[in-house]
Amino acid sequence: MTHAALTRLQDGLAALKAEHLERHRRLLDGAQGAHVTIDGQRVVSFCSNDYLGLAADPALVAAAHAALGQCGVGAGAAHLITGHHRFHHDFEAAFARFVGKPAALLFSTGYMANLAVLTALVGRHDEVFADKLNHASLVDAAQLSGACFTRYRHGDLAQLESQLANSPAQDKVIASDLVFSMDGDLAQVDALLDLGERFDAWLYLDDAHGFGVLNDGRGGLTERARASDRVIYLATLGKAAGVSGAAVAAHTGVIDWLIQKARPYIYTTAAPPLLAACLLESLRQIEAGDARRERLRSHIAQLRAGLAGLTLGSLMDSATPIQPLVIGANADAVRLSRELLQRGLLVPAIRTPTVPAGTARLRITLSAAHSVDDVAQLVEALHAVS
Ligand SMILES: *Cc1c(COP(=O)(O)O)cnc(C)c1O
């Protein structure tokens, strides 16, 4: 006989299935890229975050091979024991210089970096102010920190202002995605910084989708935000950078504090140093990546021009490689995604609860690795299925 708690899980799974909310993992063979083999089918993929096409780039693969001979596979220990390799250290310095901040710290994932920063920065006497559309990892981080957690409507800085004005908290953090991951729009960085200055709050910006792509690859910070001591910047390194991990860049005092206090930094084995060596090469490719970014920009323009006048849904107002096509109902988005797949085009349907009810969408992401023909195929298919 199954025990009661397991039965509840099985009932929960059955309920998800009944509501068409059950999630599946697709099986990838071979390397990530614009053309992939997924569940045995060769498709053009419009759903990876590999915006610059670096994930399988020969220069990064060569860097991995070279590093492997020098540092082996495993880091062997946490950073504060003996796991902090020169490759990690060199990457942190190169990253800080590139994004224009005094210091940086490398984490194994963006999720961990968000947990680390918010839990080290604030506690129960403090308050985190968060945009409603922030990434799940920022929500979890705020909750884990024990600080009061206050959310404002997406981009509604008047609401944020009144929340800040009414806050009795000791330390305050405004936490926001810089590029919103499901909508592709940008946070108002300088206006957020104005509020941070007026109410003496930290401004923590998660640029998972902007680093490598915006401002010559340096990410979505404005020059004022780069120069400000109160801005803490996060880039994840598994998206445009094509590898894995995340880096936090900030004032030296913040980075030193994280090294002392951030539990998701301290109590975990360092990422394999060979990944840091790949990241150093990735940073070189990003710095020299104008041609990739130009190709990406031109794909975005081609898609937006091609889908103007489409009746089946409407493209959100986005200038980033995240180009959501809002359909409406969950079932319609899922059906369209399936029809596109039959034509060899992989475009995921994003449903509630990931996005608000009635705004289910096809989340198209573009990459420099796509060809003009790939984008043309998608445009043509979207007109054909509507
Ligand atoms: C992907 C993502 C993360 C998590 O980064 P990982 O390195 O994948 O753990 C955090 N924030 C945002 C906005 C993201 O899109």
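Since the structure is predicted, the reported quantities are computational estimates derived from the model, not experimental observations.

Chemist: Describe in detail the pattern of salt bridges, supporting the description with residues and values.
Modeler: All chains considered together, the criterion is met by 16 salt bridges. Across the salt bridge formed by R97 and E287, the nearest N and O atoms sit 3.3 Å from each other. In this pair, R97 is assigned in helix α4 (residues 86-99) and E287 in helix α12 (residues 273-287), connecting sequence segments 190 residues apart. The residue R224 makes a salt bridge to E197 at a minimum N-O spacing of 3.2 Å. Of this pair, R224 sits in helix α9 (residues 223-227) while E197 sits in helix α8 (residues 189-198), placing them 27 residues apart in sequence. Taken together, the salt bridges that share partners define one network made up of D190, D194, E197 and R224.

Chemist: Any chance you could break down the domain arrangement of the protein for me, citing the residues and the numbers?
Modeler: Partitioning the protein into domains gives domain 1 (26-52 + 290-385) and domain 2 (58-287). The centre of domain 1, based on its C-alpha atoms, is set 27 Å off from the matching centre of domain 2. On the domain 2 side, the residues contacting the 21 residues of domain 1 number 19 residues. Taking both partners together, domain 1 and domain 2 bury about 1500 Å²; carbon and sulfur atoms supply 58% of that area. Where domain 1 meets domain 2, there are 1 salt bridge. Between D183 and R361 there is a salt bridge, with its nearest N and O atoms 2.7 Å apart. Here domain 1 and domain 2 share 11 residue pairs in polar contact (both at pLDDT 80 or more) between them. Among the elements that line the side of domain 1 that touches domain 2, the one with the most residues is helix α13 (residues 290-307), at 4 residues.

The rules behind the values
- Residues numbered from 1 in each chain as written.
- Predicted model: local features only at pLDDT ≥ 70, side-chain atom pairs only at ≥ 80, totals over all residues.
- Heavy atoms only, no water.
- Salt bridge = Lys/Arg side-chain N within 4 Å of Asp/Glu carboxyl O.
- Helix = DSSP H or I, 4+ residues; strand = E, 2+ residues; numbered from the N terminus.
- Domains from an automatic or database assignment.
- Contact = heavy atoms within 4.5 Å.
- Buried area = accessible area lost by both parts, 1.4 Å probe.
- Polar contact = N/O pair within 3.5 Å; in protein donor to acceptor, adjacent residues only side chain to side chain.

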